[in-house]
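Here is how the chains run, residue by residue.
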Amino acid sequence: MSISQFRFFIFICGCLLAKNAALIAQTDAHYWTHQFGAKGLLLNGAVIASTEDETAVFYNPGAMTSEDDFNLSLSFLTPSYSILKTQNYLGSGNTITDRNLGFAPGLGSLGFNPGGSDVVRMAITSFTRFKSNIRFRDRVVEGIKSNPDELFIGNLDFERRLSERWFGVGASFKLSNILSVGVSQFMTFHSESTKLISQKELVNKTSPNILNLGWRNKLKYSFNAKGGMITKLGLLLKIEDIKVGLTITSPTYNYFLSKASYEYDDLKTYGTDSTVLVSNLSSTNLEGYKTPLSIGFGMDFPFRKSHISFSVEYFKDIDKYTVIDDRDDPFDGLATSIGIKEAPVLVVTGNKGVLNVAIGAQTELGKKISLIWGFRTDFNQREILQNSSAAQFLSTTPNVYHFSIGNSLKIWNSTFSYGLDYAFGRKKNDTQLVDFSNVTDENLFDFAGNGSVVSNYKSLNFILAYDFRFRKKKKK
């Protein structure tokens, strides 16, 4: 391959990655939310032992020695349509919906054998590991069963954005014809923000401009953790037509830059009697951001006219820890009244241990075309903690199950893949914002009702991926 060709394909890769970086798919950031590459997408992640393209630098660096050509893998322009509905959160019978049409995150990876080596292979990659935006906005006006003379007014404005970009380099070593090992080193750039604005008011039914009781609460926080390091070790064992893969992925370590900020407002109005305000806006320290240790295992073996692929990955739990903890005086010491209320902002999170499973198959329909399908789980790992249950419930999608099917076509020396991925999920929790049948002066100032809240998630992705292979000239 000439230098000009090399520069051209690097330029195309960069353009596609830059374009995908600006696009958002409405999914939550579970560990297996996004898959990459031709096989990764169609087999739905069942590729720890069966990946044959440059996505191996991410899935299993020990499998990179499966190729010895100059390769470029691209996942690009993957249209995604998703719907997230939450029922009963703003009272029984109420439904809030977030619809999104966008593009799933893409990946670009370049693999080569340094110095024409037959036992060493390297790759560089850049991809968006997570990209999500969940937004709920709604307003309800309802009668109160316990007091027919009053109306309840409720407003909700919620948004959570999350983005995590990975850059990495990997190397694989062929120790023998049956065993290869590899290591990949990634640098990550993580950012996320959460905003929850709620309003709960009781007014006279005959004179709705008169406020009997009201609570307006706003919490918005954001943080960045840049330059985190993640190390991944991989192993691939080949015994005739059977492949076995094993991976270990470290937690994130050594952030070189982190910051956080928040905005907090809490206004309670007790009719004409009194008003209590607690408010603050500040930059603060990021107390911590953690990702789990994970262990993956995969197999690939022939069965009749197909190859069956199987992968599992266990993500270790993360104990409850503090992300933001700030108790700054909102008046900076200038107010002299006794009993000034501070604006304590405490953001705590934690992750459950999760075991995700994927299975798929590839069947040759001809010399240049194959049918590929896959199934995978994408379990929700986030703990719902009491101190921020409202925000955490709204920002997490249910456990999601994916089904994919498509074709892989060999065009010249390269492979083009296309297909569909359908996903669905459902969860139920007692995290209702208000229960119209039981609104009182006491519980109006709580994020709690007596009813169950149900969330349903559906999505459809159109899969497009291309693996460029540049064959080496055979020696005469």
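Everything numeric here is computed off the predicted structure, so don't read it as measured data.

Q: Got a sec to walk through the overall build of the chain? Specific residues and values, please.
A: Assigned secondary structure in the chain consists of four helices and 20 strands. Across the 476 residues of the chain, 53% fall into the buried class. Considering only residue pairs separated by 6 or more positions, the chain has 72% of its internal contacts joining residues 24 or more positions apart. Accessible surface computed for the chain: about 22000 Å², of which carbon and sulfur atoms make up 57%.

Q: Could you give me a rundown of the nonpolar core, with the residues and numbers involved?
A: Core analysis: the largest hydrophobic core is formed by 26 residues, its most contacted members being Y89, F136, L156 and L394. Among the elements of the structure, strand 5 (120–144), strand 6 (147–174), strand 7 (179–204), strand 8 (211–239), helix 4 (389–395) and strand 20 (453–470) are those that each provide at least two residues to this core. In terms of residue count, strand 5 provides more of this core than any other element does, four residues in total. When near neighbours in sequence (up to four residues on either side) are disregarded, L394 contacts Y89, I96, I134, F136, L156, F158 and L196. Of all hydrophobic cores here, the second largest spans 22 residues; its members include W32, A46, V47 and L107.

Q: Describe the side chain of K243, listing the residues and the values that go with them.
A: Structurally, K243 is set in strand 9 (residues 242–249). Among the residues examined, K243 registers a relative accessible area of 17% and is labelled buried. The contact partners of K243, leaving out residues within four places of it in the chain, are A49, E52, L236, L237, K238, G298, M299 and D300.

Q: Can you break down the pattern of salt bridges residue by residue, with the values?
A: Close approach of charged atoms allows side chains with opposite charge to pair. Scanning all chains against the criterion turns up 11 salt bridges. The partner of R121 in a salt bridge is E54, with the nearest N and O atoms 2.9 Å apart. Of this pair, R121 sits in strand 5 while E54 sits in the loop between helix 2 (38–42) and helix 3 (56–59), placing them 67 residues apart in sequence. Classification of E54 by relative accessible area gives buried; the value is 1%. One salt bridge in this structure joins R137 and D157, with 3.9 Å as the shortest N-O distance. With R137 in strand 5 and D157 in strand 6, the pair connects residues that are 20 residues apart, well separated along the chain. Here D157 falls in the buried class, since its relative accessible area comes to 14%. One network of salt bridges, with partners in common, ties together R135, R137, D157, E159, R161 and K195.

Q: Quick rundown of the environment of S109? Include the residues and the values.
A: Along the chain, S109 falls in strand 4 (residues 107–112). In this structure the C-alpha to C-alpha distance between S109 and A56, which are 53 residues apart in sequence, comes to 9.2 Å. Apart from the residues lying within four places of it in its own chain, the contact partners of S109 are E54, V57, N71, L72, S73, A123, I124 and T125. Looking at S109, its side chain comes within polar contact range of the main-chain oxygen of E54, at 3.0 Å. A distance of 3.3 Å separates the side chain of S109 from the backbone oxygen of I124, its partner in a polar contact.

Q: Explain the pairing of strand 6 to me, and be specific about the residues and the numbers.
A: In terms of burial, strand 6 is largely enclosed, as 20 of its 28 residues are buried. Where strand 5 meets strand 6, 24 bridges bridge the pair, whose relative direction is antiparallel. Bridging from a neighbouring strand, S126 pairs with F167 of strand 6. Adjacent in sequence and paired antiparallel, strand 5 and strand 6 are bridged by two residues. Pairing between strand 6 and strand 7: 25 bridges, direction antiparallel. For G170, the partnering residue across the bridge sits in strand 7 and is S184. The turn linking strand 6 back onto strand 7 is made up of four residues.

Q: Lay out the side chain of D300 with the relevant residues and their values.
A: For D300, the position within the fold is in strand 12 (residues 294–303). Comment: no salt bridge for buried D300; closest opposite-charge side chain is K243, at 5.1 Å. Contact partners of D300, with chain neighbours within four places excluded, come to A49, S50, D241, I242, K243, H307, I308 and S309.

What counts as what
Residues numbered from 1 in each chain as written. Predicted model: local features only at pLDDT ≥ 70, side-chain atom pairs only at ≥ 80, totals over all residues. Heavy atoms only, no water. Helix = DSSP H or I, 4+ residues; strand = E, 2+ residues; numbered from the N terminus. Buried < 20%, exposed > 50% of the residue type's maximum accessible area, 1.4 Å probe, protein only. Contact = heavy atoms within 4.5 Å. Areas by Shrake-Rupley, 256 points an atom, 1.4 Å probe, with all protein chains shown as cover. Core = buried A, V, L, I, M, F, W, Y, C linked by side-chain atoms within 4.5 Å. Salt bridge = Lys/Arg side-chain N within 4 Å of Asp/Glu carboxyl O. Polar contact = N/O pair within 3.5 Å; in protein donor to acceptor, adjacent residues only side chain to side chain. Pairing = 2+ DSSP bridges. Lys, Arg positive; Asp, Glu negative; His and termini not counted.

Keep in mind these values describe shape, not function.
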